[in-house]
Amino acid sequence: MSPSPAREHPEARLGFRLNGELREVPRGPKRKLLEVLRVELGLTGTKFGCGEGECGACTVLVDGRPLEACQVFLEEVEGRTVTTVEGLSTGGKLNAVQRAFADLGAYQCGFCTPGMVVRATALLQLNPHPTSSQIREAMEGSICRCGGYRRILGAIEQAAGTGNAKGGTP
Ligand code: FES
Ligand code: FES
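Residues numbered from 1 in each chain as written. Chains lettered and ligands numbered in written order. Predicted model: local features only at pLDDT ≥ 70, side-chain atom pairs only at ≥ 80, totals over all residues. Heavy atoms only, no water.

1. Re the overall build of the protein
Each helix and strand in the protein was counted, giving 6 helices and 5 strands. The helix and strand sequence of the protein, counted from the amino end, reads α-β-β-α-β-β-β-α-α-α-α. In summary, the protein has a C-alpha radius of gyration of 17 Å against a globular reference of 15 Å for 170 residues, a match within 12%. Seen along its three principal axes, the alpha-carbon backbone of the protein occupies a region of about 65 × 30 × 25 Å. Scored against the burial criterion, the 170 residues of the protein give a buried share of 41%. (Helix = DSSP H or I, 4+ residues; strand = E, 2+ residues; numbered from the N terminus. Rg over C-alpha atoms; globule rule 2.2 N^0.38 Å. Buried < 20%, exposed > 50% of the residue type's maximum accessible area, 1.4 Å probe, protein only.)

2. Re the nonpolar core
Counting 24 residues, the largest nonpolar core has F101, M116, I152 and I156 as its most contacted members. The element that contributes the greatest number of residues to this core is helix α4 (residues 113–126), accounting for 7 residues. In this structure, F101 is in contact with A106, Y107, T113, M116, V117, I152, A155 and I156, ignoring residues within four places of it in sequence. (Core = buried A, V, L, I, M, F, W, Y, C linked by side-chain atoms within 4.5 Å. Contact = heavy atoms within 4.5 Å.)

3. A closer look at the pairing of strand β3 (residues 59–62)
Consecutive residues of a regular strand have side chains that alternate between opposite faces of the sheet. Burial of the side chains of β3 extends over both faces: T59 and L61 are buried on one face and V60 and V62 on the other. The sheet contact formed by β3 and strand β4 (residues 65–68) spans 4 bridges and is antiparallel. Within the sheet, the bridge partner assigned to T59 lies in β4 and is E68. Taking the residues that link successive antiparallel strands as the turn, the β3-β4 hairpin has 2 residues, and the phi of D63 there is positive, at about 50°. Sheet analysis places β3 next to strand β5 (residues 81–83), joined by 2 bridges and oriented antiparallel. Residue L61 lies in a different strand from β5, and its bridge partner there is T83. (Pairing = 2+ DSSP bridges.)

4. Remarks on helix α6 (residues 149–160)
The first and last C-alpha atoms of α6 sit 16 Å apart over 12 residues, in line with the 16 Å expected at 1.5 Å per residue. Positive backbone phi, approximately 70°, marks G161, located one or two places after α6. (Expected span 1.5 Å × (residues − 1).)

5. Overview of the packing of helix α3 (residues 96–104) against α6
Direction vectors running N to C along α3 and α6 enclose 130°, while the axes themselves pass 8 Å from each other. The pairing of α3 with α6 is recorded here as oblique in orientation. As for the relative orientation of α3 and α6, their crossing is right-handed in sense. Counting all contacts with α3, which are made through A96, V97, A100, F101, D103 and L104, the residues of α6 involved are R151, I152, G154, A155, I156, Q158 and A159. Grouping the constituent residues of the contact of α3 with α6 by class yields 9 nonpolar, 2 polar and 2 charged. (Axes fitted to C-alpha atoms, helices over the stretch in contact; angles between N-to-C directions. Parallel < 35°, antiparallel > 145°, perpendicular 65-115°, else oblique. Left-handed = near helix turned anticlockwise from the far one by under 90°. Nonpolar A, V, L, I, M, F, W, Y, C, P; charged D, E, K, R; others polar.)

6. Focus on the pattern of salt bridges
Pairing between side chains of opposite charge can happen when their charged atoms approach one another. Summed over the entire model, instances satisfying the criterion amount to 5 salt bridges. R31 is the partner of E40 in a salt bridge, and the nearest nitrogen-oxygen pair spans 2.4 Å. The partner of E68 in a salt bridge is R119, and the shortest N-O contact between them spans 2.8 Å. A residue pair is termed long-range when its members are at least 10 positions apart, and E68 in strand β4 and R119 in helix α4 qualify at 51 residues. Like R119, E68 is buried. (Salt bridge = Lys/Arg side-chain N within 4 Å of Asp/Glu carboxyl O.)

7. Regarding the packing of aromatic side chains
Any two aromatic rings considered together are summarised by their centre-to-centre distance and by the angle between their planes. Scanning the entire structure with this criterion turns up 0 aromatic pairs. Above the face of the F73 ring, K30 is positioned so that its terminal group lies 5.7 Å from the ring centre. (Phe/Tyr/Trp six-rings, centres within 6.5 Å; stacked < 30°, edge-to-face > 60°. Lys NZ or Arg CZ within 6 Å of the ring centre and 35° of its normal.)

8. Regarding the confidence of the model for the protein
Caution applies to low-pLDDT parts of the model: their predicted coordinates are not meant to be read in detail. Scored by pLDDT, the protein comes out at a mean of 92, with 90% of its residues at no less than 70. For the stretch residues 165–170, pLDDT sits under 50, and the model shows 14 contacts to residues farther than four places along the chain or on other chains. (pLDDT = per-residue confidence, 0-100.)

Next up, the structure:
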C-alpha cells in the first residue's frame, strides 16, 4: 500500500501556532478553520452556530484579532497565531473576562459564551478600559439567542473595571 500524500509530501501539511503550541494539519481544498479546530483537533469550545459569519459563536483570535472561524480558510492561518477559548486561561487560571462571566453568571444556555469571551478578551487587550458604548460596538458581531446581553455587558465592564458589576449598563 502506498503512503498517504500527506506523508509523502511535507508541503501537504501546514503549520500554525494554536494556543501556544505549533500544530501541523493536512492542507485541503477549501478547509475551514472551524472544522479543523472542532473535528480534527478536538477543540469543541469554539461553536458552530450559523456557519455564515453572522452569529459570532465561532469567534477565535488570529494574531490577536477576533475572526469568525467558519469564514476563515485554513490556508489563511498558515504561520499565524490562533487562540481559541481553550487558550485563554493560563495554568488553569481563568482570564479576567472568563472570571467575570462566571462571577456574574453571564450565560444561560452558554452556546454564545465562548465566542463572547474571546471577542471581549480581544477588546480588552486592545483597549483595557473601554466605555459602555465601546463595549457594545465591539461586541456587535456576537449574538446571544437567549438575550442575556445585560449580564454579558456587565461581565465585560467588570473585567475592564469600568462597570458597576451588577449586570451591565441598561
Ligand atoms: Fe461562525 Fe456563526 S458559526 S459566525
Ligand atoms: Fe444562550 Fe447566549 S447564553 S445563546
